[in-house]
Amino acid sequence: MNHFDYRNGVLHAEDVPLTLIAEQVGTPVYVYSQATLERHFQVLNEALAGTDHLICFAMKANPSLGVVATLAAMGAGADVVSEGEARIAMAAGIPAERIVFSGVGKTEEELVFALESGIGQLNLESYEELLELSHLAQRMGKTARIALRVNPDIDAGTHAKITTGLKENKFGIDWTQAHTVYKQAMRLDGIEVVGVAVHIGSQLTDLQPFQDAFLRLRDLTLMLQADGIPIQRIDLGGGLGVPYEPGVNETPPLPSEYAKVVKSCVGDLGCKLVFEPGRLLVGNAGILLTKIVRLKEGAVKSFVVVDAGMNDLMRPALYDAYHDIVPVKEPKPGAAKRAVDVVGPICESSDVFAAGRLLPMLYKGELLAFGTAGAYGASMASEYNGRPLIPEVMVKGDRFAVTRARPTYDAMIAAQKLPDWMG
Ligand SMILES: *Cc1c(COP(=O)(O)O)cnc(C)c1O
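These lines cover the structure that appears in this document, whether it is placed above or below. (Residues numbered from 1 in each chain as written. Predicted model: local features only at pLDDT ≥ 70, side-chain atom pairs only at ≥ 80, totals over all residues. Heavy atoms only, no water.)

A few words now on the packing of helix H2 (residues 34–47) against helix H3 (residues 65–73). Between H2 and H3, whose axes approach to 10 Å, the crossing angle comes to 40°. As far as their axial angle goes, H3 and H2 are oblique. For H2 against H3, the interelement crossing comes out right-handed. Residues Gln34, Leu37, Glu38 and Phe41 of H2 touch H3, and the partners they reach there are Val67, Thr70 and Leu71. (Axes fitted to C-alpha atoms, helices over the stretch in contact; angles between N-to-C directions. Helix = DSSP H or I, 4+ residues; strand = E, 2+ residues; numbered from the N terminus. Parallel < 35°, antiparallel > 145°, perpendicular 65-115°, else oblique. Left-handed = near helix turned anticlockwise from the far one by under 90°. Contact = heavy atoms within 4.5 Å.)

With that settled, consider empty space enclosed by the protein. Counted according to the given criterion, the structure contains 3 cavities of 30 Å³ or more. What the largest cavity holds in volume is close to 60 Å³. If you trace the largest cavity, you find it lined by Leu44, Gly237, Gly238, Gly239, Leu240, Tyr258, Phe275, Pro277 and Leu280. Taken together, the residues of the lining of the largest cavity break down into 6 nonpolar, 3 polar and no charged. (1 Å grid on protein atoms, 1.4 Å probe; cavity = no way out; pocket = protein on both sides within 12 Å on 5 of 7 lines; lining within 4 Å. Points joined across faces, edges and corners; volume = space filled by probe spheres on them. Nonpolar A, V, L, I, M, F, W, Y, C, P; charged D, E, K, R; others polar.)

Below, the discussion takes up the nonpolar core. In globular proteins that are soluble, nonpolar side chains generally tend to be buried together. Ranked by size, the top nonpolar core spans 100 residues in total, and within it Ile146, Tyr182, Phe214 and Val342 carry the most contacts. Of the domains in this structure, domain 1 (4–31 + 283–414) and domain 2 (103–275) are the two that each give at least three residues to this core. Setting aside its immediate chain neighbours within four residues, valine 342 contacts Val304, Val306, Ile325, Val352, Phe353, Ala354, Leu359 and Phe370. Ranked by size, the runner-up nonpolar core spans 17 residues in total, among them Ala13, Leu18, Ile21 and Ala369. (Core = buried A, V, L, I, M, F, W, Y, C linked by side-chain atoms within 4.5 Å. Buried < 20%, exposed > 50% of the residue type's maximum accessible area, 1.4 Å probe, protein only. Domains from an automatic or database assignment.)

Moving on, we get to the site of the ligand. Taken together, 15 residues sit near the ligand, with Lys60, Ser202, Glu276, Arg279 and Tyr376 positioned nearest. Between the ligand and serine 202, the relevant distance is 2.3 Å, taken from an oxygen atom to a side-chain nitrogen or oxygen of the residue. In the model, an oxygen atom of the ligand is placed 2.6 Å from a nitrogen or oxygen of the tyrosine 376 side chain. Expressed as a share of its isolated accessible area of 380 Å², the protein-covered part of the ligand is 93%. Class assignment for the residues of the shell around the ligand results in 3 nonpolar, 7 polar and 5 charged. (Near = heavy atom within 4 Å. Polar contact = N/O pair within 3.5 Å; in protein donor to acceptor, adjacent residues only side chain to side chain. Areas by Shrake-Rupley, 256 points an atom, 1.4 Å probe, with all protein chains shown as cover.)

Before going further, it helps to examine the pairing of strand E11 (residues 191–197). Successive side chains on a regular strand alternate, one facing one side of the sheet and the next facing the other. In terms of burial, E11 is largely enclosed, as 6 of its 7 residues are buried. Pairing of strand E9 (residues 144–151) with E11, which is carried by 6 bridges, proceeds in the parallel orientation. Within E11, the residue paired with isoleucine 146 across the bridge is valine 193. Note: E11 against strand E12 (residues 233–235), 3 bridges, orientation parallel. Across the sheet, residue alanine 197 finds its bridge partner in E12, namely aspartate 235. Each parallel crossover has a hand, and the one from E11 via helix H8 (residues 208–226) to E12 is right-handed. (Pairing = 2+ DSSP bridges. Right-handed = clockwise from strand over helix to strand, strands pointing away.)

So, on to the pattern of salt bridges. This structure, assessed with the given rule, holds 11 salt bridges. Measuring nitrogen to oxygen at the nearest pair gives 2.6 Å for the salt bridge that ties arginine 387 to aspartate 312. Within this pair, whereas arginine 387 is found in the loop between strand E19 (367–370) and strand E20 (392–396), its partner aspartate 312 is found in the loop between strand E15 (302–306) and helix H11 (315–319), the two being separated by 75 residues in sequence. Overall, the relative accessible area of 1% leaves aspartate 312 in the buried class. (Salt bridge = Lys/Arg side-chain N within 4 Å of Asp/Glu carboxyl O.)

Between threonine 27 and the following residue, proline 28, the backbone shows a cis peptide bond with an omega angle of -10°. Positive phi values are uncommon outside glycine, yet threonine 372 reaches one of about 50°. Positionally, threonine 372 belongs in the loop between E19 and E20. Given a relative accessible area of 7%, threonine 372 falls into the buried group.

Here it is in structure tokens:
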């Protein structure tokens, strides 16, 4: 469910017509709906009612301050993968103790930062990292609260580039070695073992891999507890998918169905349950608004060239991802459609948002909305091809605010300077 609907023939974000945002902010632009964000958090939170839980928003899906602050106000924590994300989370009002620091390559500086700022849980991904953290904590006179991210060797059944829980992936500690590493962790100074963690991939549309992974985690937790290792937290990661393509295959399970699996697998272990959802909370809470630059008839194809590029929304180029594309001006019911390639202006053949997509007749200057662009959209954007990062807008009811302004070209250039010997 989201709050992007046609009203009086124009696509709206909540009560704001997207034509108004295009007029005042220009295109391309990301538009987020605060009511949708709040609803998604609430649905998951209610599904998990009856468990002692903490929902830590996976910041990498969308670290926009307004998005994070919305979730913070609802009681969310954050799952961060860098010092930068941790700092954004705190700036948005998330207390350090509600932050989980994940990532396979935390630097020494980042570990020091985490210890200094009192991050609630560090998810460690190797024995080497554990040793390093122990040394740093002792030197600083601090204690690190840690979980080991276990690699359960479960195929998430999702795109290869967003699968993380197979033993050949770089992530986590192999689940068969976890017990040994936990015993070592218990002997190390500066380390307090608090939990176990897992994250097997993203955009999962089937509950089975979750269940398999959670049951492995259950067995491990029982084994560790029996061995006197005080596991108090079970971190189940993120990964629950969202619908990208209306009416087609990929229908992900509902949060309530996911919660049932969670409860049946680990609900009885007396542990706090930690979740790291990213896409689930923000995916359908954002759209990318773009304008048609021109229509181009190629030798064998018809192209719709838009002003957004793969630098603004990378998912189609990176993962062959599908985004729904709809005209902001509502097409007449039964309007004729034709197959077009919707492409950006970037000088790369992969800058294609949709190939052979059936769309109504379109015209130059028309506005299009790319659906489900709230996750891994703005957060992956770059200035490739000399294009300033595009703005972000938050909508609430009939109000909207620019939360990231479009930099001027001068500002983009001023971020660099020539070496002094080049005068
Ligand atoms: C990316 C990531 C998530 C979030 O994944 P979603 O599919 O967006 O829910 C959670 N935990 C970790 C460790 C991640 O790397």
